[in-house]
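# Chains, contacts and geometry: an overview
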Amino acid sequence: MGLNLKGSSKSEMNLRNLKESELGFVENQKEERRRSEEDGDIPTRVYRRFFRQGFSSINFRKCWGNNSFACDWINAEGRSGGILSMWDANFYKVSEVIKSKQFLVLFGECSGVDGVVDVVNVYGPKSPVQKAKVWEELLHIKSNRNAMWILLGDFNVVRHQTERINSRFYASLAHTFNQFIIEAELHDLRMGGHRFTYFRQEGAKLSKLDRFLIVHQCCSQFCGYGAPDARLAAKLKCIKKGIKKWRISEFLKESNSIMLAKKRIDDIDFIVENRSLSVEELEERALELKNTRNRFA
């Protein structure tokens, strides 16, 4: 689970998978909240308190629901930034952490997954120059680490013009981001739900800023994690994929065996035109015919 916080003149907040009442930093401001929500904003006093205390003000246990978790974070600087990553301590064992203002990198081992798994929680900067710098830093880390990479978060940039409505599209920023994805050999996972992950009521601005980027190796390694029905569906899909791969392999083996059997039968039939077959040759021909018929049965 990842959390990014961002501040602006409108005091906007981006919370994923968390309820404000569970975070432990929202005060009793019902009237102020009612007035602010009419304008599409979130109460500024909530932000002032949070950005002053940082993530130390969060009751992490209430966020997760039990004590089987671990977490790490980067506090916000002023009213900008702030990254929190939480994970199941029984499923993911973290061995190393790299922190930057714009990303939090975790290296560890996942239960049932071979090799090191790297999970990067990203909060993209607004500045085009800083964006390019972040992509360069991530490429440098990835090129020097042998791990299975998973990047997630608010990248603060879109890939295509169709990922923005009522806001300006910068082709150069999209090109730089797409080049980063290509050079890092990442796959942009198709997300469920609505098309856009960011909505600003003023002007009805919509953008797809949040995404999951993974290496292709992840698709074969992870066979489901989460709700029981989702895990079952993922496992069945993985089994189907394995059966398909096995069937192709077996079909090639069977085709080669049938071809060799037919060739041997033809060789024996050619021999019988010149001389009588021995008992061993007759038995061999009968066996090859039987095996060939069984494969077609």
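Predicted model, so just to flag it, every value in this text is computed and none were measured. (Residues numbered from 1 in each chain as written. Predicted model: local features only at pLDDT ≥ 70, side-chain atom pairs only at ≥ 80, totals over all residues. Heavy atoms only, no water.)

## A short note on the pairing of strand S7 (residues 148–154)
Burial analysis of S7 places seven of its seven residues in the buried class, which makes it a mostly covered element. Pairing of strand S6 (residues 117–123) with S7, which is carried by seven bridges, proceeds in the parallel orientation. Bridge pairing in S7 links Val119 to Ile150. Alignment of S7 against strand S12 (residues 210–214), held across five bridges, turns out to be antiparallel. By the bridge assignment, Asp154 is partnered in S12 with Asp210. (Buried < 20%, exposed > 50% of the residue type's maximum accessible area, 1.4 Å probe, protein only. Helix = DSSP H or I, 4+ residues; strand = E, 2+ residues; numbered from the N terminus. Pairing = 2+ DSSP bridges.)

## Regarding the sheet that holds strand S10 (residues 198–200)
Pairing is antiparallel across the open sheet formed by three strands, whose spatial order is S8-S11-S10. The open sheet has two free edges, formed respectively by strand S8 (164–165) and S10, since each of these has just one partner strand. Across two bridges, the pairing between S8 and strand S11 (residues 205–207) is antiparallel. Within S11, the position partnered with Arg164 by the bridge is Ser207.

## Details of the environment of Val122
As for its position among the elements, Val122 is in strand S6. Note on Val122: relative accessible area 0%, which makes it buried. For Val122 and Val105, which are 17 residues apart along the polypeptide, the C-alpha to C-alpha distance reads 8.6 Å.

## Side note on unusual backbone geometry
In this structure, Asn156 takes a positive phi of about 60 degrees despite not being glycine. With respect to the element layout, Asn156 can be found in the loop between S7 and S8. Accessibility expressed as a relative area gives 14% for Asn156, which makes it buried. In this structure, Asn166 takes a positive phi of about 60 degrees despite not being glycine. On the secondary structure map, Asn166 appears in the loop between S8 and helix H6 (171–183).

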